[in-house]
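One letter stands for each residue in the lines below.
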Amino acid sequence: MIQMLNLKKQYEDIRKEVEEAVSAVLESTAYILGPRVKEFEAKVAEYVGVSDGIGVANGTDALHLSVEALGIGEGDEVITTPFTFFATTEAILYERATPVFVDIDPETYCMDVTKIEEKITPRTKAILPVHMFGHPADMKAIMDIARKHSLLVIEDCAQSIGAHIDGKKTGSFGNTGCFSFYPSKNLGAFGDGGLITLSDREVAESILKFRNHGSVGGYLHEVVGINSRLDELQAAILLIKLKRIDQYNSLRRKWAAMYTSFLKDKVKCPVERQGCYHVYHQYTLRHPERDRIKGMLAKEGISSNVYYPIPVHLQPALADMGIKKGDMPEAERASEEVLSLPMFPELDEQSVEKIAGIISRV
């Protein structure tokens, strides 16, 4: 059996450090917003290239708190992508703002920047791009559009820690960058976790309040917030993995290059645009007989997955928005043709060759 990812292998490599770090937290009894959370926040901020990092409970809260702290609410529109996990749109809807979908670039699966301006109205408040599968969205173009129209930008970096454009990392372009540390991510916790990166101290202060019941300390609550705090145990584990994130990403790129070398003449392989550094959260190929390929792999005990079989604009939860099938043709075609293969740093050449050999028979 070849799994989509094998978390046990990574744990075995760092087991001793993790056990020591967890034991130290337990001995300290500082379990909530302790010194390891502060250290992790500072180190991620430094790594991304911003002044502040704020740990939160999960990636969805990172998006939600960004929307709230930036003053986006009812009556506002946020331009985003329909080809993403549902949480990206949820964060907009939580604050009663309206998601406005822009179709995707069929090469990168990120938002098609050439279609953004036609969706801007007097109600548009922000753009929320997603760095899909680990490939950076075209942030230079997005930031140019945002400046031209005085719009906010919230980056969904759930799949892209370490990705960059000409050396500038995702999470450092927009007003905020929103990271997830779900266990399957490139930098994965042993549970849920998230973080917001930014360089605006006023917005940071707002997020710090919102994540902790709107409190500024001493049972004084200036606003109505939520309970969204990165756990001290998770921060301790993430600090260990953060030291290795560039190594992990480099290995992902190695396996991606090997997949592509075997499959480039058989299926549509992922691209890496000039100046971009793809971190391959997923290695996602494309083929009109995607389901047949998936079946071929399954017969050989090899996992694969479809991200995302139903694009966001066609989800039942958004039926009242009146968006119909055919409105986002590129996202819809991608949902019917993409397939993600096993991808994790501890993959090996034999597995990649086996997977590619099966797909080559299609």
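These numbers come from a predicted model, not from an experiment.

Asker: Got a minute to help me understand a nonpolar patch on the surface in this structure?
Answerer: Residues Leu26, Tyr31 and Ile32 make up a contiguous nonpolar surface patch of about 280 Å² in total accessible area. With respect to the helices, strands and loops of the structure, Tyr31 is situated in the loop between helix H1 (7–28) and helix H2 (35–48).

Asker: Quick question: what am I supposed to make of the sheet that holds strand S4 (residues 124–128) here?
Answerer: In a beta sheet, neighbouring strands are held together by backbone hydrogen bonds and run either parallel or antiparallel to one another. Taken in spatial order, the seven strands of this open sheet run S1-S9-S8-S5-S4-S2-S3, and their pairing is mixed. Where the open sheet ends on each side, the last strands, each with one partner, are strand S1 (52–56) and strand S3 (98–101). Adjacent strand axes in the sheet meet at a mean angle of 25° when their direction is disregarded. Note: S1 against strand S9 (residues 194–198), five bridges, orientation antiparallel. Bridged to Gly53 within S9 is Thr197. Of the strands in this sheet, strand S2 (77–80), S3, S4 and strand S5 (152–156) are in contact with helix H4 (residues 87–94), which crosses S3 at around 140°. With respect to the sheet, helix H5 (residues 139–149) is in contact with S4 and S5, its orientation differing from that of S5 by roughly 155°.

Asker: What exactly am I supposed to notice about the environment of Val223 here?
Answerer: As for its placement among the helices and strands, Val223 is situated in the loop between helix H6 (201–210) and helix H7 (232–242). Taking C-alpha positions, Val223 is 58 Å from Ser360, a pair spaced 137 residues apart along the chain. Ignoring any residue separated from it by four or fewer positions in sequence, one finds Val223 in contact with Phe210, His213 and Gly214.

Asker: Got a minute to help me understand the pairing of strand S12 (residues 338–341) in this structure?
Answerer: Successive residues of a regular strand alternate their side chains across the two faces of the sheet. The side-chain alternation of S12 yields two buried faces, one formed by Val338 and Ser340 and the other by Leu339 and Leu341. Here strand S11 (residues 283–286) pairs with S12 via four bridges, running antiparallel. By the bridge assignment, Arg286 is partnered in S12 with Val338.

Asker: What am I meant to see in the sheet that holds strand S7 (residues 168–169) here?
Answerer: Spatial ordering of the open sheet is given by S7-S6-S10, a layout of three strands whose pairing is antiparallel. One side of each edge strand has no neighbouring strand; the edge strands of this open sheet are S7 and strand S10 (276–277). As judged from the two bridges shared by strand S6 (residues 164–165) and S10, these two strands associate in the antiparallel manner. Note that in S10 the partner of Ile165 across the bridge is Cys276.

Asker: Looking at this structure, how should I read unusual backbone geometry?
Answerer: Glycine aside, negative phi is the norm for most residues, and most peptide bonds take the trans geometry. Note that the residue after Tyr307, namely Tyr308, is joined by a cis bond; omega there is 5°. Assignment of secondary structure puts Tyr308 in the loop between helix H9 (290–299) and helix H10 (329–337). Within the chain, Phe133 stands out as a residue other than glycine whose phi angle is a positive 65°. Looking at the secondary structure, you find Phe133 in the loop between S4 and H5.

Asker: Just checking my understanding: could you explain the environment of Cys276 for this structure?
Answerer: Mapped onto the elements, Cys276 comes out in strand S10. The class for Cys276 is buried, based on a relative accessible area of 15%. Spatially, the C-alpha atoms of Cys276 and Arg96 are 34 Å apart, while their sequence positions differ by 180 residues. Each residue touching Cys276, except ones within four places of it in the same chain, is listed here: His135, Pro136, His164 and Ile165.

Asker: Looking at this model, I keep getting lost on the packing of helix H3 (residues 59–69) against H6. Mind explaining?
Answerer: Helix packing geometry: the angle between the two helix axes and the distance between the axes. Packing of H3 against H6 leaves a shortest axis separation of 9 Å and a crossing angle of 125°. Taken together, the axis directions place H3 and H6 in an arrangement best described as oblique. Classified by chirality, the crossing of H6 by H3 is right-handed. Residues Leu65, Glu68 and Ala69 of H3 form the contact with H6, whose own contacting residues are Val203, Ser206, Ile207 and Phe210. The residue inventory of the contact of H3 with H6, partitioned by class, reads five nonpolar, one polar and one charged.

Asker: Is there a simple way to think about the nonpolar core in this case?
Answerer: Side chains of a nonpolar character, in soluble globular proteins, are inclined to be buried together. Within the largest apolar cluster, 34 residues are counted, with the highest numbers of intra-cluster contacts made by Phe83, Tyr109, Ile116, Ile127, Met132, Met139 and Ile142. Counting residues per element, the ones that place at least two in this core are S3, H5 and H10. Sort the elements by how many residues they give to this core and H5 lands first, with five residues. Non-local contacts of Met139, meaning those with residues more than four positions away in its chain, are made with Pro129, His131, Val153, Glu155, Ile165 and Phe173.

Asker: Is there a simple way to think about the pattern of salt bridges in this case?
Answerer: Side chains that differ in charge, positive against negative, can pair when their charged atoms come close. Scanning the entire structure with this criterion turns up 25 salt bridges. A salt bridge links Glu17 to Lys243; its shortest N-O distance comes to 2.9 Å. Taken together, the positions of Glu17 in helix H1 and Lys243 in the loop between H7 and helix H8 (245–263) put the pair 226 residues apart, joining distant regions of the chain. Looking at Glu17, the relative accessible area reads 27%, which means it is partly exposed.

Parameters and conventions
- Along each chain, residue indices are assigned from 1 in the same order as the chain's sequence is written.
- Side-chain atom pairs in this predicted model are given and counted only at pLDDT of 80 or more, local residue features only at pLDDT of at least 70, and totals for whole chains, interfaces and linings cover all residues.
- The basis for every side-chain value is the complete set of heavy atoms in the structure, and neither hydrogens nor water enter the calculation.
- Each patch is built from residues lacking any salt bridge and having more than 30% relative accessible area; the joining distance is 9 Å for like charges and 5 Å for nonpolar side chains (Val, Leu, Ile, Met, Phe, Trp, Tyr).
- Computed with the Shrake-Rupley method and a 1.4 Å probe, the accessible areas treat only the protein chains shown as cover for residues.
- Salt bridge, as applied in this entry: a Lys or Arg side-chain nitrogen positioned within 4 Å of an Asp or Glu carboxyl oxygen.
- Strands are runs of DSSP state E lasting at least 2 residues, helices are runs of H or I lasting at least 4, and numbering of each runs from the N terminus.
- Pairing between two strands requires that DSSP report at least two bridges joining them.
- Every axis corresponds to a line fitted to the C-alpha atoms, with the helix fit spanning only the stretch in contact, and the corresponding angles, defined between N-to-C directions, vary from 0 to 180 degrees.
- Contacts are assigned to residue pairs that have any heavy atoms within 4.5 Å of one another.
- Only protein chains enter the area calculation, which uses a 1.4 Å probe; residues under 20% of their type maximum are buried, those over 50% are exposed, and those in between are partly exposed.
- Any angle from 65 to 115 degrees is called roughly perpendicular, while one under 35 is roughly parallel, one over 145 is roughly antiparallel, and all others are oblique.
- By convention, the crossing between two helices is left-handed when the near helix turns anticlockwise from the far helix through less than a right angle, and right-handed when the turn is clockwise.
- All amino acids are sorted into three groups, where Ala, Val, Leu, Ile, Met, Phe, Trp, Tyr, Cys and Pro are nonpolar, Asp, Glu, Lys and Arg are charged, and the leftover types, Gly among them, are polar.
- As used in this record, nonpolar core signifies buried Ala, Val, Leu, Ile, Met, Phe, Trp, Tyr and Cys residues forming a set joined through side-chain atoms within 4.5 Å.

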